[in-house]
Amino acid sequence: MVVISLPVDSTFLSEVIYEGLLQYLSHDKSFSKAFNEALDRIPKDKKLTLSGNDISMIKRIRGKENLRIGFPEQLLQLLDDRFSNEVIYERVKNKENYTNLLSVDFIKELLECKGLNDIRIKDFSLILKKGEVVIGRKEITAPQILKVDRYTGYTSLETEFVSSQLTLYISKDVALLFLLGIYSSFVTTFRQQQQAYYYFLFFSPDEILKLLSESSNVIRKYFLIKDAVVEKLATILGKSTSNELLLLEILLSVELQELMDREQLDKISLVLFKIAPEGQTYKIYEQIPITIFRNPSFYQVIEKYFRDPREFCRKLSETLAPDKTIFKALASLNAKNKFSEADNVLRAVQELYRFVLLGDAQGWFGFVRELWNCYSKLANSSDRREKSRSKDYIEIVKNLAYI
């Protein structure tokens, strides 16, 4: 067998477990404190549905009832002997098993477990052997969402496992870190064309490596910024498919820059994951790197054209907000009632992205040009709503011209 440490890398497996470890460290190595804080951050209206293989259920085989214990109940059993097979059988029979990983009731039961405060992080050894991968110790079958990377994080040509399908097992302490990582990184869920998508925001691998050597106070500062980014992302994701708009809203956010200024942090590097269920497992659709600076370099570019860069960013951010016309036009791109100027708005945002990210002045002129095209397209419309939007587009150009 091959024994290595769990690598800090860009796989979902590594990101979610180290996210949980950082939460654990930021709460003075107390699982109770960390899970108590998680109760306040779990969105009440969102679900992260477990795969069918991770849910406890009763199966009838050859006329006999057999209990298959899922991930949440496996963990509860390891932490507290009150959760016997008989107790879980009755719960499943009464449909009281856990199917949603974001269940507040599940967190409350974890907090009531007698063994929770006795758990200490023992090791992150990762063991590969025929048919199995074990992180820590072989105590719990890992939930399917931990297998989303399909083991690409630790396959190598020197081993016999390149084409093997391996079962992943984890220890109870790693399972607790995984749950903390999920609760800490979860942004939002949305459905599109009968498909559910889940978004998670993590620190980048480089940021994780740096934070592992910092004090709990410093780690909490970084989480404060990340939580503010999560809050902003949650208002955007699922309502617009434009990554340019997403990144612009974060990079132009004066509130985030002021928060970093207050906490004396120069930079924070993050990675956004977009994941969807696929049969009995999950699939990663996107990984988007996001880096936020206390003093963004594009301020130097903006200063050439506008008197007050921070006020310029504030106005632009307000213009791109979800309740404003530009955002609504972009959100209509995949809707039945697509705005007639939606393609022009998309080009306008792409041009603005070019200006802010690359410092290309032609991007600013392209942004203004496309907004003018929106105005021209709608100005003489007989539709009252289109006429109203035409005024919005010309007002945007006027308001930004005098900053």
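**Q** Account for the pairing of strand 5 (residues 132-135), naming residues and giving values.
**A** Here strand 5 shows two buried faces, one formed by Glu132 and Val134 and the other by Val133 and Ile135. Hairpin connection between strand 4 (residues 125-129) and strand 5: a loop of two residues separates the two successive antiparallel strands, and Gly131 in this loop has a positive phi of roughly 80°. Here strand 5 runs beside strand 7 (residues 167-170); their pairing, made up of four bridges, is parallel. By the bridge assignment, Val133 is partnered in strand 7 with Leu168.

**Q** Explain the packing of helix 14 (residues 342-358) against helix 15 (residues 361-378) to me, using residue names and the numbers behind them.
**A** Two elements in contact, helix 14 and helix 15, have axes whose closest approach is 7 Å; the angle formed by their N-to-C orientations is 165°. For the element pair helix 14 / helix 15, the angle class is roughly antiparallel. In the packing of helix 14 onto helix 15, the handedness of the crossing is left-handed. Judged by residue contacts, Asn344, Val345, Arg347, Ala348, Glu351, Leu352, Arg354 and Phe355 of helix 14 engage Ala361, Gln362, Gly363, Trp364, Gly366, Phe367, Arg369, Glu370, Leu371, Asn373, Cys374 and Lys377 from helix 15. Its residues assigned to classes, the contact of helix 14 with helix 15 shows nine nonpolar, five polar and six charged.

**Q** Help me get a handle on the nonpolar core, residues and values and all.
**A** Ranked by size, the top nonpolar core spans 132 residues in total, and within it Phe12, Leu179, Ile182, Tyr183, Phe200, Leu272 and Ile326 carry the most contacts. Ignoring anything within four residues of it in the chain, the contact list for Ile326 reads Thr319, Leu320, Val345, Val349, Phe367, Leu371, Tyr393 and Ile396.

**Q** So what's going on with helix 2 (residues 31-41)? Residues and values would help.
**A** All of the buried residues along helix 2 are Phe31, Ser32, Ala34, Phe35, Ala38, Leu39 and Arg41. Packing partners of the buried residues in helix 2 comprise helix 1 (12-26), helix 5 (104-112), helix 6 (172-185) and helix 8 (216-236).

**Q** Kindly report on the pattern of salt bridges, identifying the contributing residues and their values.
**A** All told, the structure shown has 30 salt bridges when counted by the stated rule. Ionic pairing is found between Arg262 and Glu263, a salt bridge with its closest N-O pair at 3.0 Å. Residue Arg262 is classed as exposed on the basis of its relative accessible area, which comes to 58%. Because the salt bridges share partners, they merge into one network encompassing Asp80, Asp81, Arg82 and Lys114.

**Q** Tell me about the sheet that holds strand 9 (residues 195-203), and please be specific about residues and values.
**A** Taken in spatial order, the four strands make up an open sheet running 8-9-10-11, and their pairing is antiparallel. Looking at which strands have only one partner, the edges of the open sheet turn out to be strand 8 (186-192) and strand 11 (281-293). Going across the sheet, the axis of each strand differs from the next one's by a mean of 20°, ignoring polarity. Note: strand 9 against strand 10 (residues 267-278), six bridges, orientation antiparallel. Bridge pairing in strand 10 links Leu201 to Leu272. Those strands touched by helix 10 (residues 254-263) are strand 10 and strand 11, and its axis lies near 65° from that of strand 11.

**Q** Could you give an account of the pairing of strand 3 (residues 64-68), with specific residues and numbers?
**A** Look at any regular strand and the pattern is simple: side chains alternate between the two faces of the sheet. Pairing of strand 2 (residues 57-61) with strand 3 involves five bridges; the strand directions are antiparallel. Residue pairing in the sheet places Met57 in a bridge with Arg68 of strand 3. Taking the residues between adjacent antiparallel strands as the criterion, strand 2 and strand 3 are bridged by two residues, where Arg62 takes a positive phi near 55°.

**Q** Any details on the packing of helix 8 against helix 9 (residues 243-251)? Residues and values, ideally.
**A** Across the interface, helix 8 lies against helix 9 with an axial gap of 10 Å and an inter-helix angle of 145°. In this structure, the crossing between helix 8 and helix 9 has a hand that is right-handed. Side by side, helix 8 and helix 9 meet where Val229, Lys232, Leu233 and Ile236 of the first sit next to Leu246, Glu249 and Ile250 of the second. Split into classes, the residues belonging to the contact of helix 8 with helix 9 amount to five nonpolar, no polar and two charged.

The rules behind the values
- Residues numbered from 1 in each chain as written.
- Predicted model: local features only at pLDDT ≥ 70, side-chain atom pairs only at ≥ 80, totals over all residues.
- Heavy atoms only, no water.
- Buried < 20%, exposed > 50% of the residue type's maximum accessible area, 1.4 Å probe, protein only.
- Helix = DSSP H or I, 4+ residues; strand = E, 2+ residues; numbered from the N terminus.
- Pairing = 2+ DSSP bridges.
- Axes fitted to C-alpha atoms, helices over the stretch in contact; angles between N-to-C directions.
- Parallel < 35°, antiparallel > 145°, perpendicular 65-115°, else oblique.
- Left-handed = near helix turned anticlockwise from the far one by under 90°.
- Contact = heavy atoms within 4.5 Å.
- Nonpolar A, V, L, I, M, F, W, Y, C, P; charged D, E, K, R; others polar.
- Core = buried A, V, L, I, M, F, W, Y, C linked by side-chain atoms within 4.5 Å.
- Salt bridge = Lys/Arg side-chain N within 4 Å of Asp/Glu carboxyl O.

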